[in-house]
Amino acid sequence: NPKIPNGRDVMEILASFNNNVVLAKNRGREVILTGRGLGFKAKPGMTVDDAKVARVFVPAQGRDPDHMAQLLGDIPPEIIRLISETMDEVGLSSEAAQSSTLVMALADHVCGALRRAKNGIPPVPYPLNSEIRSLYKREYQQGCALLAALNRRLDDALDPSESVAFCAAFCECRLLHRRPFSYV
């Protein structure tokens, strides 16, 4: 890859999905980039403005980057940033770094939960709540910590039951990446 003066790789835009999400080529692989205004007037072949990049998502092996970018295009960049920063705040930065799909799944879930709350739709019931809480204690505690930190930033907009959904996302991520669970 060519280098820019500060020694970083130059990334080429392959497609723009909206003003905030682009598909780019970085070191021979496709990555999805998010950032305020990153895709505005961006055309294939143009160089990515590094200063606008907020987050880099690397699709998991076998995942379609176009599909992933389309999904990210529907999530406001503020929510993606909120999830990333909050995960860092509660000590989950390594999980966020290892799995861009986890950040995306959590951001998508939080978007839906906030939309439901705004529209007066009751929280989604989680029928395996008790089982999840007892079988996956560490992941559940991580979900509770993430929920508490998010609610501090969102004025308690998320229902307490969302910690179970977060726990399920952590478990799915561990399963996808073949990392151990915290079985009792």
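Because the structure is predicted, anything quoted here is derived from the model rather than measured. (Residues numbered from 1 in each chain as written. Predicted model: local features only at pLDDT ≥ 70, side-chain atom pairs only at ≥ 80, totals over all residues. Heavy atoms only, no water.)

Novice: So what exactly am I meant to see when it comes to helix 2 (residues 77-89) here?
Specialist: Side chains three or four residues apart in an α-helix point the same way, a direct result of the helix having 3.6 residues per turn. Over its 13 residues, helix 2 extends 18 Å from the first C-alpha to the last, a length consistent with the 18 Å expected when each residue adds 1.5 Å. Those residues of helix 2 that fall on the buried side of the exposure criterion are Pro77, Ile79, Ile80, Leu82, Ile83, Ser84, Thr86 and Met87. Positioned one or two residues after helix 2, glycine 91 has a phi angle of 85 degrees, which is positive. (Helix = DSSP H or I, 4+ residues; strand = E, 2+ residues; numbered from the N terminus. Expected span 1.5 Å × (residues − 1). Buried < 20%, exposed > 50% of the residue type's maximum accessible area, 1.4 Å probe, protein only.)

Novice: Please explain the pattern of salt bridges as it appears in this structure.
Specialist: A side chain with one charge may pair with a side chain of the opposite charge, provided their charged atoms come close. In total, this model carries five salt bridges according to the counting rule given. Here arginine 152 and glutamate 89 are joined by a salt bridge, their closest N and O atoms 3.0 Å apart. Residue arginine 152 is located in helix 6 (residues 137-153), and its partner glutamate 89 is located in helix 2; the two are separated by 63 residues in the primary sequence. Take glutamate 89: its relative accessible area is 40%, and that puts it in the partly exposed class. (Salt bridge = Lys/Arg side-chain N within 4 Å of Asp/Glu carboxyl O.)

Novice: How do you make sense of the packing of helix 1 (residues 65-73) against helix 4 (residues 100-118) when you look at a structure like this?
Specialist: Two measures define how a pair of helices packs: the angle their axes make with one another and the distance between the axes. At a minimum axis distance of 10 Å, the contact between helix 1 and helix 4 shows a crossing angle of 35 degrees. By crossing handedness, the relation of helix 1 to helix 4 is classed as left-handed. On helix 4, the residues that touch Met68, Leu71 and Leu72 of helix 1 are Ser100, Thr101 and Met104. When grouped by side-chain class, the residues that make up the contact of helix 1 with helix 4 number four nonpolar, two polar and no charged. (Axes fitted to C-alpha atoms, helices over the stretch in contact; angles between N-to-C directions. Left-handed = near helix turned anticlockwise from the far one by under 90°. Contact = heavy atoms within 4.5 Å. Nonpolar A, V, L, I, M, F, W, Y, C, P; charged D, E, K, R; others polar.)

Novice: Can you walk me through the environment of alanine 117 in this structure?
Specialist: Within the secondary structure, alanine 117 sits in helix 4. Judged by relative accessible area, alanine 117 falls into the partly exposed class, the value being 40%. Residues alanine 117 and alanine 157, 40 residues apart in the sequence, show an inter-C-alpha distance of 7.1 Å.

Novice: Is there a simple way to explain helix 4 in this structure?
Specialist: With 19 residues, helix 4 should cover 27 Å at 1.5 Å per step; its first-to-last C-alpha distance of 27 Å lies within 8% of that length. Glycine 120, located one to two residues past helix 4, shows a positive phi value of around 75 degrees.

Novice: Hey, could you run me through the pairing of strand 1 (residues 12-18) in this one?
Specialist: Look at any regular strand and the pattern is simple: side chains alternate between the two faces of the sheet. Note that strand 1 and strand 2 (residues 21-26) share five bridges and pair antiparallel. Its bridge partner lying in strand 2, asparagine 18 is registered against valine 21. Hairpin connection of strand 1 to strand 2: two residues between the antiparallel strands. (Pairing = 2+ DSSP bridges.)

Novice: I'm lost on the packing of helix 2 against helix 4 in this one. Help?
Specialist: Running from N to C, helix 2 and helix 4 point in directions that differ by 120 degrees, and their axes come no closer than 9 Å. For the crossing formed where helix 2 meets helix 4, the hand is right-handed. Facing helix 2, whose interface residues are Ile79, Ile80, Ile83, Ser84 and Met87, helix 4 presents Leu102, Val103, Leu106, Ala107, Val110, Cys111 and Leu114.

Novice: Hey, could you run me through the environment of valine 90 in this one?
Specialist: Considering the arrangement of structural elements, one finds valine 90 in the loop between helix 2 and helix 3 (93-98). Spatially, the C-alpha atom of valine 90 lies 9.9 Å from that of leucine 150, the residues being 60 residues apart in sequence. Leave out the neighbours within four places in its chain, and valine 90 touches Ala145, Leu146 and Ala149.

Novice: Please explain the pairing of strand 2 as it appears in this structure.
Specialist: When you tally the buried positions in strand 2, you get five out of six residues, the bulk of the element. Hairpin geometry of strand 2 and strand 3 (residues 29-34) is characterised by an intervening segment of two residues between the two adjacent antiparallel strands and by a positive phi of about 55 degrees at arginine 27.

Novice: So what exactly am I meant to see when it comes to the environment of asparagine 129 here?
Specialist: Residue placement: asparagine 129 occurs in helix 5 (residues 129-135). Judged by its relative accessible area of 23%, asparagine 129 is partly exposed. For asparagine 129 and alanine 165, which are 36 residues apart along the polypeptide, the C-alpha to C-alpha distance reads 9.1 Å.

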